[in-house]
Amino acid sequence: MKKNISKTIQLLSAVLLLTLTFSCETTRLDINDDPNSLTLESSDPNFILNNIQLTFAGQHSTLSSISSGAVRHVNQFGTYAASSGAGTMNGAWSSAYSITANLELLSSIASERTLPNHVGVGQVLEAFAYVNLVDYIGTAVYTEAVNSEFPSPNLDSGVSIYDAAYALLDAAIVNLGATNSSSFEDIYFDGDVDKWVKLANTLKLKMYLQSKLVLTSSQATAMNAIVTGGNFISTAADDFQIQYGTSITNPDTRHPFFGDAYISGAGNTYMSNNFIYLLKDEKGATKDPRLTYYLFRQDLTDPVDDLLPCDGGADYQYCYLGDGYWGRDHADDEGIPNDGNNRTTFGIYPGGGKFDTGLNNTLTSDADGLKGAGIHPIILNSFVHFMLAEAALPAPAGVGATGDAKTYLTQAITASFTKVEAVSAIPMLATDKAAYLTYVSSEYDAAASDEEKLAIIIREYHIALWGNSVESYNNYRRTGYPDLGYSVETNTDFPRSYFLPSSELNSNDNPALVQKELTDQVFWDTNAADFIN
């Protein structure tokens, strides 16, 4: 099984490297074989399940790249509208229906081949994929999806899809608990069903918190039962992530960040000055210990002349942040100078690049640093502790869940440090970690209200989410935090959700399907229209 899992991870990386870019136009996640064309007799359940796992990985990674500029994890070149075209969600949309088609095929052979665990894994990932569609678009075709009886299927409401996802996760937990199941190949947890159950519970926890503005009393009770039960992702051993490799060819298995910055002309993407400021200067003399892990400075000298078009411009709050940290302000769409080998780029975490020692920094080849062996963090235990910190605050800042918010916050930051150290294999200075925790702890203690405490929790969560912009996008619309800073120009409206995919509108002749607006809010976002920008 280990050999097959390795091959699957290689295929995963090759597929993702083809589909992930830092523009907001996405490409359909193709697979080498179409499982829908297989006969039941010839269907390999592990092949089908691997395709479900691969397709989900592609969907999540693509969504992260779609929103990474909007939440200032990387630079957004130009306006929100220019970064949110009608085809933006095509790939993520089709991925969900590929998962559904594969899961239906898997379910059809499950009873004859004793495959409840296979089905349970597929159900968790299908639920996650449709929750993602609701969170980004507000709706999806669900009850009539992948069904020949409905050639022109209708959209389901976001809240009904969430309700269906809760039920699907409950069914998944039952299937994962079956003891008579055949073993299965697994690119995430190596066939450990207990970890899949923890993921199912964690996804429900995430959904409940995401819906806190419209949460019912019964849902709040169910959420607290998960917290008190403790059977969710809470340690690094349970982290839900994609692990990349170092293979260069046949196929290339390296992290897309590494491909962007280390392989073809270093620095195809600008880092966000807004995010650099958050790490480097926002806390005064207390630098974030993760700064030199997250970001790598290719040039330690200050940019001059035409290399810094923003210099002296009144519209640029940050422009150049000093100490070699050379990015771009949010929405800056000035012409791009010949600075590909100078600008700050992706570091050792999570993309498997180089650690910034501050000594003779250069990118020499595609063999630098971890050689691309990074991770895509989907749900890490640090993320869950941040969720619990928010949930433990009294309503309306939180939901009053069991536990102490500050304790969860401290655990979350510590877990984030530990994860970065583990991936990079480079320890942080204990004094730096202690100073950072002391700063945040003192700031939290001085907060005058639960709302101010929430702002601190979400800001720290946003920093720890580096590499996963999905949850930052969700958090920002739900809470209004973190303060993402300013925009170079008066931008277009922040996308409270994304367009229905053009691929669906062009192929589905249902007259009820009409294009939505970027200002339309998903069901759990009941905040004011001008809540964020």
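In this text, all values refer to a predicted model and were calculated from it rather than measured experimentally.

**Some words on unusual backbone geometry**
Working step 1: Cis geometry is found at the peptide bond from Asn250 to Pro251, where omega equals -5°.
Working step 2: That bond from Tyr481 to Pro482 is cis: its omega, 0°, falls within 30 degrees of zero.
Working step 3: For Pro482, the position within the fold is in the loop between helix H15 (469–479) and helix H16 (502–507).
Working step 4: Positive phi values are uncommon outside glycine, yet Arg72 reaches one of about 65°.
Working step 5: By the secondary structure assignment, Asn250 is in the loop between strand S3 (240–243) and helix H8 (256–263).

**Topic: the packing of helix H12 (residues 405–424) against helix H13 (residues 430–446)**
Working step 1: It is the contact of H12 with H13, at a shortest axis distance of 11 Å, that shows an interaxial angle of 155°. When the interaxial angle is binned, H12 and H13 end up roughly antiparallel. Seen along the crossing, H12 lies across H13 with a hand that is right-handed. On H13, the residues that touch Ala405, Lys406, Leu409, Thr410, Ile413, Thr414, Phe417 and Glu421 of H12 are Lys433, Tyr436, Leu437, Val440, Ser441, Tyr444 and Asp445.
Working step 2: Residues that form the contact of H12 with H13 fall into these classes: eight nonpolar, three polar and four charged.

**Things to note about the pattern of salt bridges**
Working step 1: By the definition in use, this model includes 23 salt bridges.
Working step 2: For Glu460, the salt bridge goes to Arg459, with nearest N and O atoms at 2.8 Å. Just as Glu460 is buried, Arg459 falls in that class too.
Working step 3: Each member of the salt-bridge network shares a partner with another, and the members are Glu282, Lys283, Asp288, Arg290, Glu443, Arg459 and Glu460.

**Here's the deal with H12**
Working step 1: Relative to the 28 Å expected for 20 residues at 1.5 Å per residue, H12 spans 29 Å between its end C-alpha atoms, a close match to the ideal helical length.
Working step 2: Trailing H12 by a residue or two, Ala425 shows a phi angle of about 60°, which is positive.

**Things to note about the pairing of strand S6 (residues 375–379)**
Working step 1: Among the five residues in S6, five count as buried, and that is most of the element.
Working step 2: Judged from the four bridges that link them, S3 and S6 form a sheet pairing that is antiparallel. Each residue of the ladder has a partner; that of Ile242, found in S6, is His376.

**Remarks on the nonpolar core**
Working step 1: Counting residues in each nonpolar core, the largest one holds 145 residues, and the members touching the most others are Leu133, Tyr188, Trp196, Phe240 and Tyr349.
Working step 2: Here this core gets 13 residues from one element, more than from any other, and that element is helix H4 (residues 116–137).
Working step 3: Discounting residues that sit within four places of it in the chain, Leu133 has contacts with Gln59, Met89, Ala92, Trp93, Ala96, Tyr97, Gly138, Thr139 and Ala140.

**Considering the packing of helix H5 (residues 158–176) against helix H6 (residues 193–210)**
Working step 1: Viewed as axis vectors pointing N to C, H5 and H6 meet at an angle of 165°, and their least axial separation amounts to 9 Å. By the angle class used here, H5 and H6 are roughly antiparallel. For H5 against H6, the interelement crossing comes out left-handed. Contact residues: Tyr162, Ala165, Tyr166, Leu169, Asp170, Ile173 and Leu176 in H5; Val193, Trp196, Val197, Ala200, Asn201, Leu203, Lys204, Met207, Tyr208 and Gln210 in H6.
Working step 2: Grouping the amino acids of the contact of H5 with H6 by side-chain chemistry returns 13 nonpolar, two polar and two charged.

**Let's talk about the packing of aromatic side chains**
Working step 1: Scanning the model with the defined rule gives 33 aromatic pairs in all.
Working step 2: When the ring of Phe257 is compared with that of Phe346, the centres are 4.1 Å apart and the planes differ by 15°; the resulting orientation is stacked. Of this pair, Phe257 sits in helix H8 while Phe346 sits in strand S5 (residues 345–346), and the two are 89 residues apart along the sequence. Across the pair, exposure class does not vary: Phe257 and Phe346 are buried alike.

**Topic: helix H11 (residues 381–392)**
Working step 1: Between its terminal C-alpha atoms H11 stretches 16 Å, which fits the 16 Å expected from twelve residues at 1.5 Å a residue.
Working step 2: Most of H11 is tucked away: twelve of the twelve residues are buried.
Working step 3: Restricting attention to buried positions, one finds in H11 the residues Asn381, Ser382, Phe383, Val384, His385, Phe386, Met387, Leu388, Ala389, Glu390, Ala391 and Ala392.
Working step 4: In the core, the buried residues of H11 are packed alongside H6, helix H7 (217–229), S6, H12, helix H14 (450–464) and H15.

**Considerations on the side chain of Asn273**
Working step 1: Among the secondary structure elements, Asn273 is positioned in helix H9 (residues 273–280).
Working step 2: If we ignore the near neighbours within four places in the chain, the residues touching Asn273 are Tyr318, Cys319, Tyr320, Leu321, Gly327, Arg328 and Asp329.

**Observations concerning the state of the cysteines**
Working step 1: What the rule picks out here adds up to one disulfide.
Working step 2: Across a sulfur-sulfur distance of 2.0 Å, Cys310 and Cys319 are joined as a disulfide pair. Residues Cys310 and Cys319 are joined by a disulfide whose S-S torsion is about 85°; by sign, that bridge is right-handed. Assigned by exposure class, Cys310 and Cys319 land together as buried.

So, how was this worked out
- In every chain, residue numbers begin from 1 and rise along the written sequence.
- In keeping with the predicted nature of the model, local features appear solely for residues at pLDDT of at least 70, side-chain atom pairs appear and are counted solely at 80 or more, and the whole-chain, interface and lining totals rest on all residues.
- Here the side-chain values reflect all heavy atoms present in the structure, with hydrogen atoms and water set aside.
- By definition, any uninterrupted DSSP run of H or I lasting at least four residues is a helix, any uninterrupted run of E lasting at least two residues is a strand, and each is numbered from the N terminus.
- An axis is simply a line fitted to the C-alpha atoms; with a helix, the fit covers only the stretch in contact. Between two such axes, the angle follows the N-to-C directions and lies from 0 to 180 degrees.
- Throughout this description, any angle smaller than 35 degrees is read as roughly parallel, any larger than 145 degrees as roughly antiparallel, any in the 65 to 115 degree range as roughly perpendicular, and the remainder as oblique.
- Crossing handedness is defined as follows: a turn of the near helix away from the far one that is anticlockwise and smaller than a right angle gives a left-handed crossing, while the clockwise case is right-handed.
- In what follows, a contact means two residues having at least one pair of non-hydrogen atoms within 4.5 Å.
- Classification used: nonpolar for Ala, Val, Leu, Ile, Met, Phe, Trp, Tyr, Cys and Pro, charged for Asp, Glu, Lys and Arg, polar for all others including Gly.
- In what follows, salt bridge is the name for a side-chain nitrogen of Lys or Arg lying within 4 Å of a carboxyl oxygen of Asp or Glu.
- We call a residue buried when its accessible area falls under 20% of the maximum for its residue type, exposed when it is over 50%, and partly exposed in between, using a 1.4 Å probe and counting protein chains only.
- By this rule the span expected of a helix is its residue count minus one, scaled by 1.5 Å.
- At least two bridges found by DSSP between two strands are what make those strands a pair.
- We define a nonpolar core as any set of buried Ala, Val, Leu, Ile, Met, Phe, Trp, Tyr and Cys residues linked to one another through side-chain atoms lying within 4.5 Å.
- Stacked, edge-to-face and tilted are the three classes for Phe, Tyr and Trp ring pairs, Trp counted by its six-membered ring, which pair at centre distances within 6.5 Å; planes under 30 degrees apart are stacked, over 60 edge-to-face, the rest tilted.
- We call a pair of cysteine sulfur atoms a disulfide when they lie within 2.5 Å.

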